[in-house]
Amino acid sequence: MKLTKDFRMVAVTVTPFDSNENAIIDEIKKQTEEICNSEADAILPVASTGDYVKMDLDERLAVFSAVAEINRGRKKLIASACDTSATRVLKTISAVKKMGYDACLVCPPYYYPLSQDAVYDFFRTVCDGAGDFAVIGYHVPFFTTGIDISTFEKLLDIPNFVGMKDSSAVMKRIAHICEIVSQRRPDFAVYTGTDDCLFPALCAGCFGSMTALAATMPTQIRAIYNAFDNRDIDTAMKINQSILPIIRQCDSLTFPIGYKLLAKAKGLETYEGKTPAEEAVFENIKAMLKEGF
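Residues numbered from 1 in each chain as written. Predicted model: local features only at pLDDT ≥ 70, side-chain atom pairs only at ≥ 80, totals over all residues. Heavy atoms only, no water.

**Regarding the overall build of the protein**
Per the secondary structure count, the protein includes 13 helices and 8 strands. Out of the 293 residues in the protein, the part that is buried amounts to 56%. About 12,600 Å² of surface is accessible on the protein, with carbon and sulfur atoms providing 51% of the total. Counting 32 positive and 38 negative side-chain charges, the protein places the centres of these two groups 3 Å from one another. (Helix = DSSP H or I, 4+ residues; strand = E, 2+ residues; numbered from the N terminus. Buried < 20%, exposed > 50% of the residue type's maximum accessible area, 1.4 Å probe, protein only. Areas by Shrake-Rupley, 256 points an atom, 1.4 Å probe, with all protein chains shown as cover. Lys, Arg positive; Asp, Glu negative; His and termini not counted. Charge placed at Lys NZ, Arg CZ, Asp CG, Glu CD.)

**Observations concerning the sheet that holds strand 1 (residues 9-12)**
Around the barrel, 8 strands lie side by side as 1-2-3-4-5-6-7-8; this closed barrel has parallel pairing. Strand-to-strand twist of the sheet, defined as the mean angle between neighbouring strand axes without regard to direction, takes the value 25°. Here strand 6 (residues 161-166) runs beside strand 7 (residues 189-192); their pairing, made up of 4 bridges, is parallel. If you follow Asp166 over to strand 7, its bridge partner there is Thr192. In the packing of helix 2 (residues 57-71) onto the sheet, the strands contacted are strand 2 (42-44) and strand 3 (76-80), and the crossing angle to strand 3 comes to about 180°. (Pairing = 2+ DSSP bridges. Axes fitted to C-alpha atoms, helices over the stretch in contact; angles between N-to-C directions. Contact = heavy atoms within 4.5 Å.)

**Regarding the environment of Thr219**
With respect to the secondary-structure elements, Thr219 resides in helix 9 (residues 218-229). Between the alpha carbons of Thr219 and Ser38 there is a distance of 7.6 Å; along the sequence they are 181 residues apart. Of note is the side chain of Thr219, whose polar atom sits 3.2 Å from the side chain of Glu39. (Polar contact = N/O pair within 3.5 Å; in protein donor to acceptor, adjacent residues only side chain to side chain.)

**Considerations on the nonpolar core**
By size, the foremost hydrophobic cluster in this structure holds 102 residues, and its most contacted members are Ile78, Tyr101, Val106, Phe152, Phe161 and Met210. Every residue in contact with Met210, bar those within four places of it in the chain, is listed here: Val10, Val12, Leu44, Ile78, Leu105, Ile136, Lys165, Tyr191, Thr192 and Gly193. (Core = buried A, V, L, I, M, F, W, Y, C linked by side-chain atoms within 4.5 Å.)

**So, the side chain of Lys165**
The residue Lys165 is located in strand 6 in this model. Buried and without a salt bridge, Lys165 has Asp195 as its closest oppositely charged side chain, separated by 8.8 Å. (Salt bridge = Lys/Arg side-chain N within 4 Å of Asp/Glu carboxyl O.)

**Digging into a nonpolar patch on the surface**
On the surface, a cluster of nonpolar side chains totalling about 330 Å² of accessible area is made up of Phe142, Phe143 and Phe255. Locating Phe255 in the fold gives a position in the loop between helix 11 (244-251) and helix 12 (257-265). (Patch = residues over 30% accessible without salt bridge, like charges linked within 9 Å, V, L, I, M, F, W, Y side chains within 5 Å.)

**Regarding the packing of aromatic side chains**
Taken as a whole, this structure holds 11 aromatic pairs when the rule is applied. A network of ring pairs unites the aromatic residues Phe122, Phe123, Phe152, Phe161 and Phe188 as a single cluster. It is Lys154 that lies over the ring of Tyr120; its NZ or CZ is 4.5 Å from the centre. (Phe/Tyr/Trp six-rings, centres within 6.5 Å; stacked < 30°, edge-to-face > 60°. Lys NZ or Arg CZ within 6 Å of the ring centre and 35° of its normal.)

**As for the environment of Met164**
Mapped onto the elements, Met164 comes out in strand 6. For Met164, a relative accessible area of 1% corresponds to the buried category. Separated by 12 residues in sequence, Met164 and Phe152 have C-alpha atoms that sit 9.0 Å apart. In this structure Met164 touches Ile136, Gly137, Tyr138, His139, Ile147, Phe152, Arg173, Ile177, Phe188, Ala189, Val190 and Tyr191, once residues within four positions along its chain are discounted.

**Topic: the packing of helix 11 against helix 13 (residues 276-292)**
Look at helix 11 against helix 13: their axes get within 10 Å of each other, and the N-to-C directions meet at 165°. Judged on the interaxial angle alone, helix 13 and helix 11 are roughly antiparallel. Crossing geometry of helix 11 relative to helix 13 is assigned as left-handed. Residues Pro245, Ile246, Gln249 and Cys250 of helix 11 pack against Val281, Asn284, Ile285, Met288 and Leu289 of helix 13. (Parallel < 35°, antiparallel > 145°, perpendicular 65-115°, else oblique. Left-handed = near helix turned anticlockwise from the far one by under 90°.)

Everything listed here is a matter of coordinates, which is why it stays silent on function.
In structure tokens:
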């Protein structure tokens, strides 16, 4: 099982909520249509940027369904199946397979710390239960137990464990993972989960990216890929550097508020600034978009 190039640039979406914290399905459909008409290759809804921890399974499935309805096969679809147990993850996988999703993203269960043996056993159980459905691991050590490199090496023996998103932004780790993959399983897809280091991650051997800016600023992210693929290293580096000021604005607020405000600045009714700091970031982002993007 292999993820082809139409899984390479993955747009990670925000989830718009109303004042009662219910997902706004019409805005989700609007966002999906815009991404379907963009340079992105695939769509990843209800992940970390999409506030999945705020939603129960029925709410998540409603969003997955709305995205699939609008997408109609135009982009590849990856479902965030992150949850607190293998049983709950497999319930999501069972549902999204019927909706036509192509793969799922799964992090180790969160809240309680896990041993690395438990991390391996969890992914083994999920992959076995998923059958031939593609499972992409998610290393996000800020929010849950990470996937150590030694554990990752063991997971490479599982046929439907086909990729890993690394959101650590630790280039040393990413470089080692890419080298291991090149020797052990060249068809395996390593993704960076941070737009900041897309260019250096590609240089290290990453297959692609799963990021918020692929949804909100797809033209700029695609331009980095195009320049890199054409071996125009200086251009790829300069474009990557050009998006860093906006990322700093987004990251100046508690995650994922800044990325919601970026989506709002791009036209999605997703989040109203609630503090002076949030309102200031929103105005700064709007000014940057007007000046350079």
